[in-house]
Amino acid sequence: MSAHEQYRDDLALYAVGALSSEESARLELHLAECSTCREELNSLSEAAAQIALAVEPTVPSAHFRAELMARLEEQRSVAVAPRDVRLPVAGRQYQRRRAWFWAPALATLAFALAFVAVWRQNRTLTGENRDLAARLATSRQTLDRAGELIRALTAPDAQHVSLVAAGAKVQPEAKVVYSSRQHSLVLLADHLNPLPAHKIYELWLLPANGSPALPAGTFKPDDRGSAALVLSQLGDGVAAKGFAVTVENEPGSAVPTMPIVLSGTT
Amino acid sequence: MTQQLSNDASIVARLLDGDKEGFVRLYDEYAGLIYGVALRVLRNAAAAEDVVQEVFLQLWRNPTSFDPKRGRLAPWLAVITRHRAVDSLRKLKFEVDSSETPLSDPQASHASVHCSAESDRAKRLMAQLPAEQRQVLELAFLDGLTHVEIAARVSQPLGTVKSRIRLGLLSLRKGLSA
């Protein structure tokens, strides 16, 4: 069974890491629900690994090797210290000879130490679990609320109603809510003109520092001229002085093509 | 392949036991592959060494991050190294100095037996691809470019770049199953 036709190219691009973060996020939403596309992606990823495997191997310097091994010792001594503790040979023999004498006391001491260690670890873990559970619950609530909002915005039967001054002529319009800190953007558009074949509306972020416009997602209106775009991982937190919409060839362009059909400043 | 699976599984088992000898063997077998990939992506020896260290220490601290049932160790190491190197490339955004790292280093020695067997097959598969497919695959996977950036770099329409990437991957996949 083949993957969904409309995701065919994107799966290959995703496998080699060639999608933008927004495009990846959109595909991941689909992957979360589609086992066929996940399987296709797995096999394409295995093929993509060949690109890296074909790189000429280069052995790092002996100095680097020695440093890494030393680093390993440090990590090991922290991580598995009790297992690594070894007495000098003479000491070990002495300990074996006298072991019967000290055995009960050592056993009691060992049990007490182990008990304290387990109790402390348990107490820490319990605290961490409680903390994690609380954070998880908060995250779930936030996620549920975000999910409800996105479902409401993008539902096929969602009614977009624009209120204008009585008697005013209805014009294409869009509203953008953007948070550079949250890397998130919501666009709601209405009364958009239908697009010619193989064309798409593209949103552009106009950076506050005056650098060139950045692509911020593409969208197509439904048969009522409405569209919604929700991006949760947009760019590098660039501050915006405004947004603009152009019509581009599918699947979108890296630079805007004039004319601008909608624009607005913050 | 079954032999390989058991080799990979035994490496993980040795690391789980905290077996330093096992780690040293792992390093000697795969360091060439990992450093080679990191160096190709980053083109900077110090940054590539940082990636190599991260990859090996990750395996040492958490050997079960590799699951032998889900694939072989060499491709897995190559891919996680590539991901870390590309992340590092994007974060650091340092000046690429292609003169610092000769891509065909005359001092480079091949990694040992089964790693180089995998590497040889991958080289053969890549060499069989049309040059334009190989180019876009490398620009994406090893230079960390998006399809839009690749289109600009090779002065080709996006659609052409997408189809070259897809066709290239399909050929590699076919070669793997042959």
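Bear in mind the structure is a predicted one, so any value in this text is a computation, not a measurement. (Residues numbered from 1 in each chain as written. Chains lettered and ligands numbered in written order. Predicted model: local features only at pLDDT ≥ 70, side-chain atom pairs only at ≥ 80, totals over all residues. Heavy atoms only, no water.)

Asks: Can you help me understand the overall build of chain B in this one?
Replies: For chain B, the helix and strand inventory stands at eight helices and zero strands. Moving toward the C terminus, one meets the helices and strands of chain B in the order α-α-α-α-α-α-α-α. For chain B, the residues scored as buried account for 51% of the 178 residues in total. Contacts in chain B between residues far apart in sequence, at least 24 positions, make up 67% of those at least 6 positions apart. (Helix = DSSP H or I, 4+ residues; strand = E, 2+ residues; numbered from the N terminus. Buried < 20%, exposed > 50% of the residue type's maximum accessible area, 1.4 Å probe, protein only. Contact = heavy atoms within 4.5 Å.)

Asks: Mind showing me how you'd approach the sheet that holds strand S1 (residues 173-179) of chain A here?
Replies: Backbone-to-backbone hydrogen bonds join strands into a sheet, with any given pair of strands oriented parallel or antiparallel. All names here are of chain A. Reading across from one edge, S1-S2-S5 is the order of the three strands in this open sheet, with antiparallel pairing throughout. Two strands bound the open sheet, and with one partner strand each, they are S1 and strand S5 (227-231). Adjacent strand axes in the sheet meet at a mean angle of 5° when their direction is disregarded. In this structure, strand S2 (residues 184-190) lies alongside S5, joined through five bridges in antiparallel fashion. Looking at S5, one finds that Leu 187 is bridged to Leu 229. (Pairing = 2+ DSSP bridges. Axes fitted to C-alpha atoms, helices over the stretch in contact; angles between N-to-C directions.)

Asks: What is the right way to read the packing of aromatic side chains from this model?
Replies: The geometry of an aromatic ring pair comes down to the distance between the two centres and the angle between the two planes. Applying the stated criterion to the full structure yields six aromatic pairs over all chains. Ring centres 5.6 Å apart and planes at 15° place the aromatic pair Tyr 201 of chain A and Phe 219 of chain A in the stacked group. Here the residue Tyr 201 of chain A occupies a position in strand S3 (residues 199-207), and Phe 219 of chain A occupies one in strand S4 (residues 214-219), the gap between them amounting to 18 residues. The exposure classification of Tyr 201 of chain A matches that of Phe 219 of chain A, with both residues buried. Note on Phe 23 of chain B and Phe 56 of chain B: the rings are 5.8 Å apart at their centroids and 75° apart in plane angle, and the pair reads as edge-to-face. In this pair, Phe 23 of chain B sits in helix H2 (residues 20-42) while Phe 56 of chain B sits in helix H3 (residues 45-61), placing the two residues 33 residues apart along the sequence. For the pair Phe 23 of chain B and Phe 56 of chain B, one class covers both residues: buried. (Phe/Tyr/Trp six-rings, centres within 6.5 Å; stacked < 30°, edge-to-face > 60°.)

Limitation: the analysis is restricted to geometry and does not speak to function.
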